[in-house]
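# Observations on chain architecture
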Amino acid sequence: TPYRVAVVVGSLRKDSINRKLALALAAMAPPGLKLEMAEIGALPLYNQDDDASPPPPSVAFKQQIQAADAVLFVTPEYNRSVPGVLKNAIDIASRPYGQSAWSGKPAAVVSLSPGAIGGFGANHHLRQSLVFLDMPTLQQPEAYLGGGGDLFDDAGAIKKPDTQAFLEKFMAAFEQWVEQNKTA
Ligand code: FNR
């Protein structure tokens, strides 16, 4: 059976290019990986007062992460960092202390921006959290994708063959990474 990969998209926008990219990655995933969207749009703001009895959407999200074998983050960059909605989701599933859902799960990060820098700042700020969360995160190939405004056709397919080929290579590397770093 394929490994279950929870896909967390760092944008809530209906026409998000990162959501389009996540769906494209799900469609091109190798047979060893099954990508499932883990939605973050209904999550409340994290509040440590609720640790003993978290709101139901937070419980459900955390359970979805717990049930996954691996996590793929697909995110835009906001002000050279991680969008707050994504950080909020990460914080929610990381608590209470010692009961993080992220621990040990192999991960990968893709950042996509209309700009030229390809979300490098967000990609690496995210990696800082993943170190603390003890998630072995794919290092190569790195995926900082620029030019995102022109990447998709009307059906959401990737228009640039070189980008499509790169992403297929990326997903193959991630499949190997999950295989090598899965928890028992
Ligand atoms: C942005 N955008 C942006 N882009 C970038 O490359 N670097 C950045 O630091 C920022 N900062 C930023 C802050 C805020 C608050 C917004 C709303 C936007 C532009 C951003 O890349 C663009 O809106 C993307 O389309 C967002 O991704 P989605 O929502 O299309 O997936």
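Residues numbered from 1 in each chain as written. Predicted model: local features only at pLDDT ≥ 70, side-chain atom pairs only at ≥ 80, totals over all residues.

The protein carries the name Chromate reductase in an unreviewed UniProt entry, which gives Roseateles toxinivorans as its organism.

Turning our attention to the packing of helix α2 (residues 56-67) against helix α3 (residues 84-93). Two numbers describe how α2 lies on α3: the axes approach to 9 Å, and their chain directions differ by 80°. As summarised for this structure, α2 and α3 are arranged roughly perpendicular, according to the angle between their axes. Side by side, α2 and α3 meet where Ser58, Phe61, Lys62 and Ile65 of the first sit next to Ala89, Ile92 and Ala93 of the second. (Axes fitted to C-alpha atoms, helices over the stretch in contact; angles between N-to-C directions. Helix = DSSP H or I, 4+ residues; strand = E, 2+ residues; numbered from the N terminus. Parallel < 35°, antiparallel > 145°, perpendicular 65-115°, else oblique. Contact = placed C-beta atoms within 7 Å.)

The ligand sits among 15 residues. The nearest are Ser11, Ser16, Asn18, Pro76 and Ser113. Grouping the constituent residues of the shell around the ligand by class yields five nonpolar, seven polar and three charged. (Near = placed C-beta within 6 Å. Nonpolar A, V, L, I, M, F, W, Y, C, P; charged D, E, K, R; others polar.)

A word on the UniProt feature "domain: NADPH-dependent FMN reductase-like" (unreviewed entry) in the protein. Here, the residues flagged by UniProt with the feature "domain: NADPH-dependent FMN reductase-like" (unreviewed entry) are residues 4-146. Between the first and last C-alpha atoms of residues 4-146 the distance is 28 Å; the span itself is 33% helix and 17% strand. (UniProt positions renumbered as here; feature names shortened; annotations may be inferred.)

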